[in-house]
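Notes for the structure review
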Amino acid sequence: MQHDPVHPVVVAVDGPAGSGKSSVSKEVARRLGWGFLDTGAAYRALAWHAEACGVDTADAASVISCLDSFDYRIGTDPTGYAVHVGSTDVTRAIREPGISGVVSQVARVPEVRSHLIELFRAIMAAERRGGIVVEGRDITTVVAPDAPARILLTASEEVRTARRSAELVGHSASATGQQLRARDAADSKVVDFMNAAEGVVTVDSTDLDFDETVEAMLAVIRDAQVRTG
Ligand SMILES: Nc1ncnc2c1ncn2[C@@H]1O[C@H](COP(=O)(O)OP(=O)(O)O)[C@@H](O)[C@H]1O
Ligand SMILES: Nc1ccn([C@@H]2O[C@H](COP(=O)(O)OP(=O)(O)O)[C@@H](O)[C@H]2O)c(=O)n1
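The name recorded for the protein chain in an unreviewed UniProt entry is Cytidylate kinase, from Agromyces luteolus. On record in UniProt, under Subcellular location (unreviewed entry), the comment for the protein chain is "Cytoplasm". Heading Sequence similarities (unreviewed entry) of the UniProt record for the protein chain holds this comment: "Belongs to the cytidylate kinase family. Type 1 subfamily."

Shown next as C-alpha cells:
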C-alpha cells in the first residue's frame with residue numbers, strides 16, 4: 001500500500017447515521033496526512049439545491065431535472081473543508097434537520113446515485129495527498145470495492161441517537177431519534193450498510209470513546225498496509 005503519486009490509497013468507510021463515520025474518518029485522515037471525502041454531503045447538497053429550485057424532492061423526475069444545474073464543490077482537507085453549491089456556502093445549511101428529513105428521497109434515485117458516484121471517483125482520483133478516506137453508505141461495496149482498507153463503522157442505535165442529539169441543540173432527543181431511525185430504514189432499502197460485505201472489517205464503536213475509535217480504524221489501515229505491502 002505504498003504511495004503512488006497517480007493513485008492515492010483509498011480507505012472506504014460505511015455505516016449508519018451517527019456511527020461516527022464523518023468525525024472519526026476526518027481525524028484518521030488528519031493523522032495520516034491524507035485527504036477526506038464526506039459523500040453524504042453531496043446527497044445533502046443536492047437535496048438543498050432541489051429545494052432551492054422549488055422542486056418536490058419526493059418526485060424522482062423533478063430531482064433528476066436538477067442534476068444539470070447542480071454545481072457542486074467540496075474540499076478534501078480534513079482540517080477544514082467547505083461545501084458549495086454554485087457560489088453559496090451550504091456547509092452548515094445541509095446539516096439542518098429539514099435536509100436530513102428529505103435527503104433519503106433524493107439518494108434513492110438511481111440516476112442521482114450514478115451521477116454522484118462519478119463525481120466521487122473524480123474527486124478521489126484528483127487527490128494529491130498519499131491517500132484519501134472516503135465515507136458514506138456504499139463506499140465499501142459500490143464506490144470503491146477494491147480499496148485496500150474497507151471498514152464498516154457501527155454503534156448501537158441508542159448510542160448513535162445520543163451522539164446526534166448532543167450535536168443538535170434545541171431539537172428534542174425523541175424527534176432526533178425518530179428521524180435517525182426513519183432515515184436508516186429508508187437508506188437501507190437502497191444499500192446495505194448494516195452488514196459488512198466480504199472482506200470488510202467491522203469496527204463497533206458502541207463501547208469505544210472517540211480516540212479509541214480512531215485508533216481502531218488506524219489499526220485496520222495498518223493491517224491492510226502489512227497485507228498489501
Ligand atoms: N466513538 C465515539 N464516542 C463518542 N462520540 C463519538 C464517537 N464517534 C463519533 N462521536 C461523535 O458523535 C457525533 C456523530 O458523529 P458523526 O461523525 O457525525 O457520525 P456520522 O458521520 O456517522 O453520522 C459527533 O458529534 C462525533 O463527535
Ligand atoms: N454514500 C452515501 C452517502 C450518503 N447517502 C445519503 O445521504 C444521506 C446523508 O448522509 P450523511 O453521511 O451526511 O448522514 P449522517 O450519517 O452523517 O447523518 C444519507 O441518509 C443517505 O440518504 C447515500 O445514499 N450514500
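1. Quick notes on the sheet that holds strand S4 (residues 83-85)
Sheet architecture is open: three strands sit in the order S3-S4-S5, paired in antiparallel fashion. The sheet is open, and its two borders are formed by strand S3 (72-74) and strand S5 (88-89), each paired with just one other strand. The sheet contact formed by S3 and S4 spans three bridges and is antiparallel. Within S4, the position partnered with Arg73 by the bridge is His84. Helix H2 (residues 40-52) rests against S3, S4 and S5 of the sheet, and its axis sits at about 35° to S4.

2. Points about the site of ligand 1
Near ligand 1, the surroundings consist of 16 residues, among which Gly18, Lys21, Ser23, Arg164 and Thr213 are the closest. A distance of 3.2 Å separates an oxygen atom of ligand 1 from a polar backbone atom of Ser19. Contact distances for ligand 1 include 2.9 Å between an oxygen atom and a side-chain N or O atom of Glu167. Contact with the protein chains hides 78% of the accessible area of ligand 1, taken as 570 Å² for the molecule alone. Taking a 2 Å distance to the grid points as the criterion, the majority of the atoms of ligand 1 fall inside the largest pocket. Breaking the shell around ligand 1 down by element, the ones donating at least two residues are helix H1 (21-32), helix H8 (157-167) and helix H10 (210-228).

3. Quick look at the UniProt feature "domain: Cytidylate kinase" (unreviewed entry) in the protein chain
Under the present numbering, the feature "domain: Cytidylate kinase" (unreviewed entry) in UniProt falls on residues 11-222. The span residues 11-222 carries 48% helix and 15% strand; its end-to-end C-alpha distance comes to 11 Å.

4. Topic: the sheet that holds strand S2 (residues 35-38)
The strand order across the open sheet built from five strands is S2-S6-S1-S7-S8, with neighbouring strands paired in parallel fashion. Only two strands of the sheet have a single partner each, and these edge strands are S2 and strand S8 (201-204). Adjacent strand axes in the sheet meet at a mean angle of 20° when their direction is disregarded. The pairing of S2 with strand S6 (residues 131-136) spans four bridges and is classified as parallel. Across the sheet, the residue bridging to Leu37 is Val134, located in S6. Where H10 meets the sheet, its contacts fall on strand S1 (9-14), strand S7 (149-154) and S8, and the angle it forms with S7 comes to roughly 155°.

5. Section: the UniProt feature "binding site: ATP" (unreviewed entry) in the protein chain
In this structure's numbering, the residues bearing the UniProt feature "binding site: ATP" (unreviewed entry) are Gly15, Pro16, Ala17, Gly18, Ser19, Gly20, Lys21, Ser22 and Ser23. If you take the residues mentioned a moment ago, the ones lining the largest pocket come down to Ala17, Gly18, Ser19, Gly20, Lys21, Ser22 and Ser23. By the secondary structure assignment, Pro16 is in the loop between S1 and H1. A residue is classified by how much of its surface remains accessible, and Pro16, at 1% relative accessible area, is buried. If we skip the residues at most four places from it in the chain, Pro16 touches Lys21, Arg137, Leu153, Thr154, Arg160, Asp184, Phe193 and Met194. Of note, Ser22 is situated in helix H1.

6. Structural notes on the nonpolar core
Counting 56 residues, the largest nonpolar core has Val83 and Val112 as the members making the most contacts within it. Not counting the four nearest positions on each side in its chain, Val83 is found in contact with Ala41, Ala45, Tyr72, Arg73, Ile74, Thr88, Asp89, Val90, Thr91 and Ile94.

Quick notes on the rules
Residues numbered from 1 in each chain as written. Chains lettered and ligands numbered in written order. Predicted model: local features only at pLDDT ≥ 70, side-chain atom pairs only at ≥ 80, totals over all residues. Heavy atoms only, no water. UniProt positions renumbered as here; feature names shortened; annotations may be inferred. Pairing = 2+ DSSP bridges. Helix = DSSP H or I, 4+ residues; strand = E, 2+ residues; numbered from the N terminus. Contact = heavy atoms within 4.5 Å. Axes fitted to C-alpha atoms, helices over the stretch in contact; angles between N-to-C directions. Near = heavy atom within 4 Å. Polar contact = N/O pair within 3.5 Å; in protein donor to acceptor, adjacent residues only side chain to side chain. Areas by Shrake-Rupley, 256 points an atom, 1.4 Å probe, with all protein chains shown as cover. 1 Å grid on protein atoms, 1.4 Å probe; cavity = no way out; pocket = protein on both sides within 12 Å on 5 of 7 lines; lining within 4 Å. Sits in = over half its atoms within 2 Å of the grid points. Buried < 20%, exposed > 50% of the residue type's maximum accessible area, 1.4 Å probe, protein only. Core = buried A, V, L, I, M, F, W, Y, C linked by side-chain atoms within 4.5 Å.

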